[in-house]
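Geometric and topological summary
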Amino acid sequence: MGLFDKIKRTLNIKDNSKDLEPKSIEKKSNNSSQTLQNNNLNTLNPDSVKSDLFKKEKLDNTLVKTREGFFNKMKVFFSGKNTIDDDFLDSLEEMLISADIGVPTTIKIIESVERYVKKNKYIDDQELKHILKQEIIQLLNLNDNSNNINTQHKPYVMLFVGVNGVGKTTTIAKLAHSLKIQGNKVLIGAADTFRAAAIDQLDSWANKINVPIIKQSMGSDPASVAFDTIQSGIANDMDYILIDTAGRLHNKINLMAELEKINNVINNLISTAPHEVILVLDASTGQNALEQAKQFVKSTSVNCLAITKLDGTAKGGVVISICDQLSIPIKYIGVGEAIDDLQLFNKVSFVDSLFK
């Protein structure tokens, strides 16, 4: 597989349309339903579509700390090497583990290098670099079909899970914004009712990006919010529904029970939903992100991942470990703090940026 395949067209599209009046829908105690007032979306301005080159440059800049913290050291380590012996492999193993790639995944990579070396008497630094890149791409191979969305599902329901502080709310806003400016009708559900700040933050984002939101007061039943959101989405012919959930610590059993309840409520209203259960993970936490993911996967039917804060960490190597150990595709990555700094994950582009 070539390392310079064209990056898939991603979600980063800048909205140059004129702002419309924001909408917010809040459940009233005496009202059994809410009505959405749908705005006409402006036609996308072709000049606002970011080029693949710009997005690749953004990804390169996002991974600069990871690259400087480990992969640049690896370049020096590779330089002039023409013998791959046990000492070399031991040093390489240590470097991979230090990059938060994790022990099990590191062992896979080292074994692959060993198999190659046995078949080749001589290997130079460029060849070794190529072997490592290809092996890492194979470990990330799970995302090949993760970017496909079945357009027959309408509304297409996305449920977001993850612990507090990982960037879940911001990711929802970024994705809602991207979907909206592509001409889709998007609805947000604020089902994290255990923190007033979560509701307020999501409501603030919804107003900024001019996307309607279903919300209730703090302490309300999250499943009730999910129910109202799905009902409203169906009634108002929404294309996408994005639902936030509580993010208390992953070792709280009651949180997992609440997530299961929300999932069941959604499924009762739309038999094929939720179509995506997106686990949001913070790359800056390194291997702790992997441990969080393992706990969620035990209790929740996660089918794709969103990795945030890659721009502020030297632990970007954890992406490789997460994908390898969980066997769940990474679909979205956060490459900055701006509203359009969300990209669809592309394994070849990601690895190419690591080794740039």
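One structure accompanies this document, and this report is about it. Quick caveat: nothing in here was measured; it's all calculated off a predicted structure.

Concerning the pairing of strand β8 (residues 330–334)
With five of five residues buried, β8 lies mostly within the body of the structure. In terms of strand pairing, strand β7 (residues 304–308) meets β8 through three bridges, oriented parallel. For alanine 306, the partnering residue across the bridge sits in β8 and is tyrosine 332. Crossover connection from β7 via helix α11 (residues 318–326) to parallel β8: handedness right-handed. Sheet analysis places β8 next to strand β9 (residues 342–344), joined by three bridges and oriented antiparallel.

Observations regarding the side chain of aspartate 100
Turning to its location among the elements, aspartate 100 is positioned in the loop between α3 (86–98) and α4 (103–119). Not counting chain neighbours up to four residues away, the residues in contact with aspartate 100 comprise Gly286, Gln287, Lys315, Gly317, Val318 and Ser321.

A look at the packing of aromatic side chains
On inspection of all chains with the given rule, the structure shows two aromatic pairs. Pairing tyrosine 156 with tyrosine 240 gives two aromatic rings, centres 5.9 Å apart and planes at 70 degrees, and the pair type is edge-to-face. One end of the pair, tyrosine 156, is in strand β2 (residues 156–161); the other, tyrosine 240, is in strand β5 (residues 240–244), with 84 residues separating them in the sequence. Take tyrosine 156 and tyrosine 240: they sit in the same class, and that class is buried. The side chain of lysine 208 reaches across the aromatic face of tryptophan 205, ending 5.1 Å from its centre.

About the criteria used
Counting starts from 1 at the beginning of each chain's written sequence and moves along it residue by residue. Confidence filtering applies because this is a predicted model: local features only for residues at pLDDT of at least 70, side-chain atom pairs given and counted only at 80 or more, and all residues used for totals across whole chains, interfaces and linings. Where side-chain values are given, they derive from all heavy atoms of the structure, hydrogens and water being excluded. Working definition: with a 1.4 Å probe on protein chains only, accessible area under 20% of the residue-type maximum means buried, over 50% means exposed, and in between means partly exposed. In DSSP terms, a helix is any run of H or I states spanning at least four residues, a strand is any run of E spanning at least two, and both are numbered starting from the N terminus. We treat two strands as partners when DSSP finds at least two bridges between them. Place the viewer so that the strands point away; then a crossover is right-handed whenever the path from the first strand over the helix to the second strand goes clockwise. Here, residues are in contact when the closest pair of their heavy atoms is within 4.5 Å. Note on ring pairs: Phe, Tyr and Trp rings are taken, using the six-membered ring of Trp, and paired if centres are within 6.5 Å. Classes follow the plane angle, with under 30 degrees stacked, over 60 edge-to-face and the rest tilted. Two thresholds decide whether a charge sits over a ring: the Lys NZ or Arg CZ must be within 6 Å of the ring centre and within 35 degrees of the ring normal.

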